[in-house]
Amino acid sequence: MATLAMSSGSTSARIISTGAARGSRVVDNDEICTMIDSNDEWIRQRTGITQRHWVAEGETAVTLAADACRQAVERAGMTLDQIDTLILATVSNSQQMPSMAARVAQELGCPSPAVFDISAACAGFCHGVALADSLIRTGTSTHVLVVGTEVLSPYLDMADRGTAFIFSDGAGAVVIGPSEVPAIGPTIWGSDPSHSEVITLDDWESLVDGQERPYLRMEGTKVFRWATTFVAERTRETLEAAGLAPEELDVFIPHQANNRITDSTLRQLKLPEGIVVARDIAQMGNSSAASIPLALDAVLQSGEARSGQKALLMGFGAGLAYAGQVVVLP
Ligand SMILES: CC(C)(COP(=O)(O)OP(=O)(O)OC[C@H]1O[C@@H](n2cnc3c(N)ncnc32)[C@H](O)[C@@H]1OP(=O)(O)O)[C@@H](O)C(=O)NCCC(=O)NCCS
């Protein structure tokens, strides 16, 4: 009896390039405090946020994603017809069909990529990197665009001062392709279903009278505790799975949720003093699935980090879900 042929691909995969797009409206803490009962000092001290980007007229999660993807493909020295797979991570998708990835492919004019969305909130981008790595190593795909994109500002309840100042709008993309040397380490991922109600977007079918759209809701203190205990341990495991000691890591790019969470993880993992730590949250707030690729792009474009260095990515958020991996920077 005939056996099935199996696909086989490259021994390794790597991030080839990055791209970024931020909502063009900059909203600083003073402006946000005209909308909520808070103040600049409290926001800076508790989170590290000084401003955030929101969309302006005409900008959407699709247009931001397309801009970030276009830049990543250009920087890779490639053309859009070489992209065979487009994976998009988002939670700000108000249209279930077609996928947002399909709409971005249309906006870009990609000929015929495989397109699908991931819903894993702030961990979505790292889930996408894990999938791209596996698809390339099994030979299913060759060049994959992974993009995290969010427009969260319309989902903010301006009466909730525990969330309204945190979230933002932007998109970050990477092109991932074959590599002759290992450049994406093992992914450590999972979830804590016992905390599935801790960060939510309201169900469209259960909006209360007068509410026009879902609101983002978060029990911040519970998320903070989970991120500084459970996720910190998973971050350590991610480093160990890549076969690295803390002093062999060059760059730390955690989900941009709160600088105090980042500082706590740095201390627990005893990461070296001189390590580059992404602090894009100061300018950007928390852009969920876009936060890690935007922070990755920012440390490369600013020259803080350079090609060939090893960076630990760790995404965590609603689910509660997490995913992380060590990558070699493009
Ligand atoms: C949201 C977050 C910044 C709130 O900080 P916190 O220290 O937990 O704040 P709390 O909710 O415990 O509130 C502490 C105090 O500040 C007050 N407060 C809350 N929000 C405030 C605001 N925007 N401005 C001023 N004061 C505020 C509270 O009323 C409370 O006052 P009290 O002590 O007099 O009762 C923090 O919990 C956080 O970052 N959590 C993690 C979020 C995260 O990681 N998300 C990632 C997944 S998307």
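Look up: the structure comes first, before these words.
Quick caveat: nothing in here was measured; it's all calculated off a predicted structure.

(A) Highlighting the sheet that holds strand β7 (residues 169-179). Pairing is mixed across the open sheet formed by 5 strands, whose spatial order is β1-β7-β6-β4-β5. One side of each edge strand has no neighbouring strand; the edge strands of this open sheet are β1 (12-22) and β5 (114-118). Across the sheet, the mean angle separating the axes of adjacent strands is 20° when strand polarity is ignored. Two elements, β1 and β7, share 10 bridges in a ladder whose sense is antiparallel. Looking at β7, one finds that Arg-14 is bridged to Gly-177. Against the sheet, helix α3 (residues 61-75) contacts β1, β4 (85-89), β6 (144-151) and β7, and its axis sits at roughly 130° relative to β1. Packed onto the sheet, helix α5 (residues 124-138) meets β1, β4, β5, β6 and β7 and runs at close to 165° relative to β6.

(B) Geometry of the pairing of β6. In terms of residue burial, β6 counts as a mostly covered element, since 8 of its 8 residues are buried. Burial along β6 is two-sided: Val-144, Val-146, Gly-148 and Glu-150 facing one way and Leu-145, Val-147, Thr-149 and Val-151 facing the other are all buried. Sheet analysis places β4 next to β6, joined by 5 bridges and oriented parallel. Bridged to Ala-89 within β6 is Gly-148.

(C) Local environment of helix α6 (residues 220-241). Between the first and last C-alpha of α6 there are 29 Å, a value that for 22 residues agrees with the 32 Å anticipated at 1.5 Å per step. In the structure, α6 departs most strongly from a straight axis at Val-231, where the bend amounts to approximately 35°. For α6, the set of buried residues is Val-223, Ala-227, Val-231, Ala-232, Thr-235, Thr-238 and Leu-239. The inward-facing, buried residues of α6 contact β8 (188-191), β9 (199-201), β10 (216-218), α7 (259-269), β13 (310-317) and β14 (321-328).

(D) Unusual backbone geometry, seen in detail. Of the consecutive residues Met-97 and Pro-98, the connecting peptide bond is found in the cis state with omega at -10°. Position of Pro-98 among the secondary structure elements: in the loop between β4 and α4 (100-108). Residue Leu-320 is bonded to the preceding Gly-319 through a cis peptide linkage, with omega at -20°. Within the secondary structure, Leu-320 sits in the loop between β13 and β14. The backbone of Ser-288 shows a phi angle near 50°, a positive value even though the residue is not glycine. Mapped onto the secondary structure, Ser-288 falls in the loop between α8 (281-284) and α9 (291-301). Of the residues examined, Ser-288 has 34 C-beta atoms within 10 Å and is grouped as buried.

(E) Just the site of the ligand, in detail. As a matter of local geometry, the ligand sits amid 19 residues, with Ser-38, Gly-220, Phe-224, Ala-257 and Asn-258 nearest to it. Residue assignment for the shell around the ligand shows that the elements contributing at least two residues are α2 (40-47) and α6. Sort the elements by how many residues they give to the shell around the ligand and α6 lands first, with 5 residues. By residue class, the composition of the shell around the ligand is 9 nonpolar, 8 polar and 2 charged. Domain assignment of the residues forming the shell around the ligand places at least three in each of domain 1 (12-179) and domain 2 (188-328).

(F) Molecular detail of the nonpolar core. Membership of the largest hydrophobic core comes to 103 residues, with the highest contact counts inside it found for Ala-65, Cys-69, Val-104, Val-146, Ile-176 and Ile-253. Take this core: its biggest share by element is 9 residues, from α3. The two domains that each donate at least three residues to this core are domain 1 (12-179) and domain 2 (188-328). For Val-104, the contacting residues outside a window of four places in its chain are Val-62, Ala-65, Ala-66, Cys-69, Leu-86, Leu-88 and Val-147.

(G) Spatial organisation of the packing of α3 against α4. Direction vectors running N to C along α3 and α4 enclose 60°, while the axes themselves pass 9 Å from each other. Compared by their axis directions, α3 and α4 come out oblique. Crossing of α3 against α4: the hand is right-handed. Contact with α3, carried on its side by Ala-61, Val-62, Thr-63, Ala-65, Ala-66, Cys-69 and Arg-70, involves Met-100, Arg-103, Val-104, Glu-107 and Leu-108 of α4 and no other residues of that element. Split by residue class, the contact of α3 with α4 holds 8 nonpolar, 1 polar and 3 charged.

What counts and how
- Residues numbered from 1 in each chain as written.
- Predicted model: local features only at pLDDT ≥ 70, side-chain atom pairs only at ≥ 80, totals over all residues.
- Pairing = 2+ DSSP bridges.
- Helix = DSSP H or I, 4+ residues; strand = E, 2+ residues; numbered from the N terminus.
- Axes fitted to C-alpha atoms, helices over the stretch in contact; angles between N-to-C directions.
- Contact = placed C-beta atoms within 7 Å.
- Buried ≥ 20, exposed ≤ 12 C-beta atoms within 10 Å, placed from the backbone.
- Expected span 1.5 Å × (residues − 1).
- Bend = angle between axes of the 7 residues up to and from the residue.
- Near = placed C-beta within 6 Å.
- Nonpolar A, V, L, I, M, F, W, Y, C, P; charged D, E, K, R; others polar.
- Domains from an automatic or database assignment.
- Core = buried A, V, L, I, M, F, W, Y, C linked by C-beta atoms within 7 Å.
- Parallel < 35°, antiparallel > 145°, perpendicular 65-115°, else oblique.
- Left-handed = near helix turned anticlockwise from the far one by under 90°.

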